[in-house]
2 protein chains.
Amino acid sequence: MERIYDRVALIGLGLIASSMFWAMKRDGNLAGEVTGYARTEATRETARRIGLCDRVCDSMAEAVKDADLVILCVPVGAMGPVMEEIAPHLKPGCTVTDVGSVKGDVIRSVTPHLPEGVFFVPGHPLAGTEHSGPESGFAELFDNRWTLLIPGSAPDEVVGDLRSFWERLGANVDLMDADHHDLVLAVTSHTPHLIAYTMVGVADDLRRVTDSEVIKYSAAGFRDFTRIAASDPTMWRDVFLTNKEATLEILGRFTEELFALQRAIRTGDGQHLFDYFTRTRAIRRGIIQAGQDTAAPNFGRGPSGQK
Amino acid sequence: MERIYDRVALIGLGLIASSMFWAMKRDGNLAGEVTGYARTEATRETARRIGLCDRVCDSMAEAVKDADLVILCVPVGAMGPVMEEIAPHLKPGCTVTDVGSVKGDVIRSVTPHLPEGVFFVPGHPLAGTEHSGPESGFAELFDNRWTLLIPGSAPDEVVGDLRSFWERLGANVDLMDADHHDLVLAVTSHTPHLIAYTMVGVADDLRRVTDSEVIKYSAAGFRDFTRIAASDPTMWRDVFLTNKEATLEILGRFTEELFALQRAIRTGDGQHLFDYFTRTRAIRRGIIQAGQDTAAPNFGRGPSGQK
């Protein structure tokens, strides 16, 4: 297939950027040279050692020079400052995109720094694992997952190229506006993460149940929460600080429902509980039918939870 | 190895009972004849068709006749009535155990019906999947998982036999008192399940985000919740109705913590969030080191979430 971008720059070299690089290599001709930049020297050294990026640069300016596509893969809170720093070095006509989990705030912080003739098309691949860092990436991360792009006022052709790029990385692509994105993600990702972090924190805090008990007896449900609650703390801090409104709205709905169920438990209303628990099974079936999860018991974990 | 029980009766033929049967068969000589009973004719027919149990009986009385070990594998709320029904048919000196997720309530409802000379040793295998029914069982379910036994006043020898039985089914065994069990499980299982059910219910309810969006974009965290929230509704209704106090206590702690994090989001206290999210990573490491989960990203799900 045809090459889409002659030069691609990855700013930030964590799980998403490294997976994008390996997926570009898997395609073979999706991009010409791929440059990369990471803030710490340690990460740049790791990247050089494992062959992550065709060329690892010691400055953002060098990395984005002559790039046709610049991908911001830094925590949401760092997007504005990074854009400010690279702006003078961007090639006219280039496309800038990002992979942040929040879109409204990123647009508000990036757009003021955007030079004339450079297009910003925010994006968000809905894929990840609980691991982070340059060595955590793999080419298949985006396969059959969804990437959301926010077209804004960018020309159709610019959006179309980025869409094709993501499709060749393995993803399905949908277009969405920023506010709706932030609400959808508050439901499917941000609030579940906050809740999982909270539950794991509660277990850790409780003096009457030891950590060792929590760890040994985690197979009964809790361990799924701990996987989510092992995600990158910087990334998630920024998500909650920047998608404040939608997260607080969904949290409000969540506590309202939780209190209703709590009341049903207190009053012994078994029918309310049974009906609620029956309804939620249907959503699970939908996810499996849509190919977004495995139907194998326990996510297909080996019998002992180890593979 | 030596046979422990000449005759074992399984009352209720769902995920746990069927897994126990296959694990007994895997051992080869753990039990002599295994009888089984299920409330509905449909389940009994399925059991006969797939060879689940050496003999499927049409009445509980027939199933428990001459049994040395009777295992109650019915929802927690049904334990008392079942015990009442089988009591006159139990062999003197036999052991009765159960696999319910709540222990205090089961003990309170079962003990009054216990005939003289029959020992009740409640148990709880901390293992399961989101699937239920007679066809969902598999021999490896208990391997390297923990089973908790409540010795109460039963003779050491009776408890020791049951312990050996569970160890040969693949499990590690710990002894615990009923109140502590119910608190530990409220933390590691009951509250996480309630929270997962709630979150999935909220997503399903929200008119501004469609179910189809929730399903498509679930990979970002939400799908792990849907697995938990796909568990058997009857079983979970009974768990919450019978482990009311401990669940409400842990829920209280949970909402307290959640409100603190919610406040940190509202006030923009990034340090509080970062510190909280860093702390919870340690618990995950402990679970992996203890062999209770896989370190593979996303539980080792295939790249596309399908295996």
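Nothing here was measured: the structure is a model prediction, and the numbers come from that model.

The rules behind these values
Residues numbered from 1 in each chain as written. Chains lettered and ligands numbered in written order. Predicted model: local features only at pLDDT ≥ 70, side-chain atom pairs only at ≥ 80, totals over all residues. Heavy atoms only, no water. Helix = DSSP H or I, 4+ residues; strand = E, 2+ residues; numbered from the N terminus. Buried < 20%, exposed > 50% of the residue type's maximum accessible area, 1.4 Å probe, protein only. Contact = heavy atoms within 4.5 Å. Buried area = accessible area lost by both parts, 1.4 Å probe. Salt bridge = Lys/Arg side-chain N within 4 Å of Asp/Glu carboxyl O. Phe/Tyr/Trp six-rings, centres within 6.5 Å; stacked < 30°, edge-to-face > 60°. Lys NZ or Arg CZ within 6 Å of the ring centre and 35° of its normal.

Asker: Would you mind going over the environment of Q271(B) with me for this structure?
Answerer: All names here are of chain B. Mapped onto the secondary structure, Q271 falls in helix α12 (residues 270-289). Relative accessible area serves as the criterion here: at 52%, Q271 is assigned to the exposed category. Separated by 222 residues in the primary sequence, Q271 and R49 have C-alpha atoms spaced 59 Å apart.

Asker: Got a minute to help me understand the interface of chain B and chain A in this structure?
Answerer: The extent of an interface is frequently quoted as the accessible surface area lost upon association of the parts. With 115 residues of chain B at the contact, the number on the chain A side is 115 residues. For the pair chain B and chain A, the summed buried surface comes to about 11,100 Å²; carbon and sulfur atoms form 67% of the total. In terms of surface lost to chain A, no three residues of chain B exceed Y217(B), I265(B) and F277(B), which account for 7% of the buried area on that side. For the pair chain B and chain A, the number of links is 12 salt bridges. Of the charged contacts, one joins R284(A) and E130(B) as a salt bridge, the two residues approaching to 4.0 Å between their closest N and O atoms.

Asker: Is there a simple way to think about the pattern of salt bridges in this case?
Answerer: Residues and elements named next belong to chain A. For the coordinates displayed, the defined rule picks out 48 salt bridges over all chains. Across the salt bridge formed by D143 and R26, the nearest N and O atoms sit 2.8 Å from each other. Taken as a pair, D143 in the loop between β7 (123-125) and β8 (146-149) and R26 in helix α1 (residues 15-27) lie far apart in primary sequence, 117 residues in all. K91 serves as the salt-bridge partner of D68, at 2.7 Å between the closest nitrogen and oxygen. Note that D68 is positioned in the loop between α3 (60-64) and β4 (69-72) and K91 in the loop between α4 (79-86) and β5 (95-98), a separation of 23 residues in sequence. Look at the salt bridges and you will find they share partners, linking R7, E33, R55, E62, K65 and D66 into a network.

Asker: Looking at this model, I keep getting lost on the packing of aromatic side chains. Mind explaining?
Answerer: Each aromatic ring pair is specified by the distance between its two centres and by the angle formed by the two planes. Following the criterion strictly, the structure yields 19 aromatic pairs over all chains and no others. When the centroid spacing of 6.0 Å and the interplanar angle of 80° are considered together, the rings of W146(A) and Y217(B) count as edge-to-face. Separated into two different chains, W146(A) in strand β8 and Y217(B) in the loop between α8 (211-216) and α9 (222-228) make up a pair that spans both. In terms of burial, W146(A) and Y217(B) fall into one category: buried. Every member of this aromatic cluster is reached through a ring pair, and the members are Y5(A), F142(A), F165(A) and W166(A). Residue placement shows K216(A) over the ring face of W146(B); its charged tip is 4.3 Å from the ring centre. Over the ring of Y276(B) we find R279(B); its NZ or CZ atom is 5.0 Å from the centre of that ring.

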